[in-house]
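Reading the structure
This is what each chain is made of:
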Amino acid sequence: MTPSETAGAPAQHALALETRSAAQTRDLAASLAGAARPGDRLALIGPLGAGKTQFAKGFGAGLGVPGVVNSPSFTLMAEYAGRLPLFHQDLYRLSGAADAVAGGLFDERQDAGVTLSEWADRLEGGFDPERLEVRITVLADDERRIDLLAPEGGRYAGYLDAAAAWERDPERPR
């Protein structure tokens, strides 16, 4: 874990991991879900086809969501019951934070669960600074680099710990 800081942004802790398949991306996300607490917000950022929805599927499985978590592209947000409620958003069609607020995508119900926002980079940078950023980069056909960026202060430290434990686990899918 290495701290990093960018101009004008709060200091962050970062961890980079690599996955070699969609199944491995889902497995990593399921492991991270074990650290989830009410009110957590995860910003999923990456190009089309990077694996944001695969990450959401794994995270949902890790929360004990029955059934399949699908991309809510046309509904903007889907809600699932699990150990914690899961609010899965797809912000691709939005032009900014004003559209998200006007669309009712942020409300007090989310304080009781975890919100995963695909295409979170569509929101202005300062709109939601207290979140875990999950940046997914395509390396090759099925290989991905997943960078976890957590604001300093500890709220999301459990995710970084879970990711480091997943990386060291000899039983994880290879």
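Structure first, text after, so check above.
Just so we're clear, the structure is a prediction, and the values are computed from it rather than from any experiment. (Residues numbered from 1 in each chain as written. Predicted model: local features only at pLDDT ≥ 70, side-chain atom pairs only at ≥ 80, totals over all residues. Heavy atoms only, no water.)

1. Comments concerning the packing of helix 1 (residues 22-33) against helix 4 (residues 157-168)
- At a minimum axis separation of 8 Å, helix 1 and helix 4 run at an interaxial angle of 135 degrees. Overall, the two elements helix 1 and helix 4 adopt an arrangement that is oblique. Considering how the two elements wind past one another, helix 1 and helix 4 form a crossing that is right-handed. Of the residues in helix 4, those touching helix 1 at Gln24, Asp27, Leu28, Ser31 and Leu32 are Tyr159, Ala162, Ala163 and Trp166.
- Considering only residue class, the contact of helix 1 with helix 4 consists of 6 nonpolar, 2 polar and 1 charged. (Axes fitted to C-alpha atoms, helices over the stretch in contact; angles between N-to-C directions. Helix = DSSP H or I, 4+ residues; strand = E, 2+ residues; numbered from the N terminus. Parallel < 35°, antiparallel > 145°, perpendicular 65-115°, else oblique. Left-handed = near helix turned anticlockwise from the far one by under 90°. Contact = heavy atoms within 4.5 Å. Nonpolar A, V, L, I, M, F, W, Y, C, P; charged D, E, K, R; others polar.)

2. Regarding helix 2 (residues 52-62)
- For helix 2, the full list of buried residues reads Lys52, Phe55, Ala56, Gly58, Phe59 and Gly60.
- On its buried side, helix 2 packs onto helix 1, strand 3 (41-45), strand 5 (86-90), strand 6 (114-118), strand 7 (132-138) and helix 4. (Buried < 20%, exposed > 50% of the residue type's maximum accessible area, 1.4 Å probe, protein only.)

3. Here's the deal with the pattern of salt bridges
- Applying the stated criterion across every chain, the model contains 5 salt bridges.
- The salt bridge involving Glu133 is made with Arg131; its shortest N-O contact spans 3.2 Å. Across this residue pair, the class does not change: Glu133 and Arg131 are buried.
- A salt bridge links Arg145 to Asp147, with the nearest nitrogen and oxygen atoms 2.8 Å apart.
- Relative accessible area serves as the criterion here: at 36%, Arg145 is assigned to the partly exposed category.
- When its relative accessible area of 15% is taken as the criterion, Asp147 is described as buried.
- The network of salt bridges with common partners includes Arg131, Glu133 and Arg135. (Salt bridge = Lys/Arg side-chain N within 4 Å of Asp/Glu carboxyl O.)

4. A short note on the pairing of strand 7
- As paired strands, strand 3 and strand 7 are joined by 4 bridges and run parallel to one another. The partner of Leu44 across the bridge, within strand 7, is Val134.
- Pairing of strand 7 with strand 8 (residues 144-151), which is carried by 6 bridges, proceeds in the antiparallel orientation. Across the sheet, Arg135 pairs through a bridge with Asp147, a residue of strand 8.
- Two successive antiparallel strands, strand 7 and strand 8, enclose a turn made up of 5 residues. (Pairing = 2+ DSSP bridges.)

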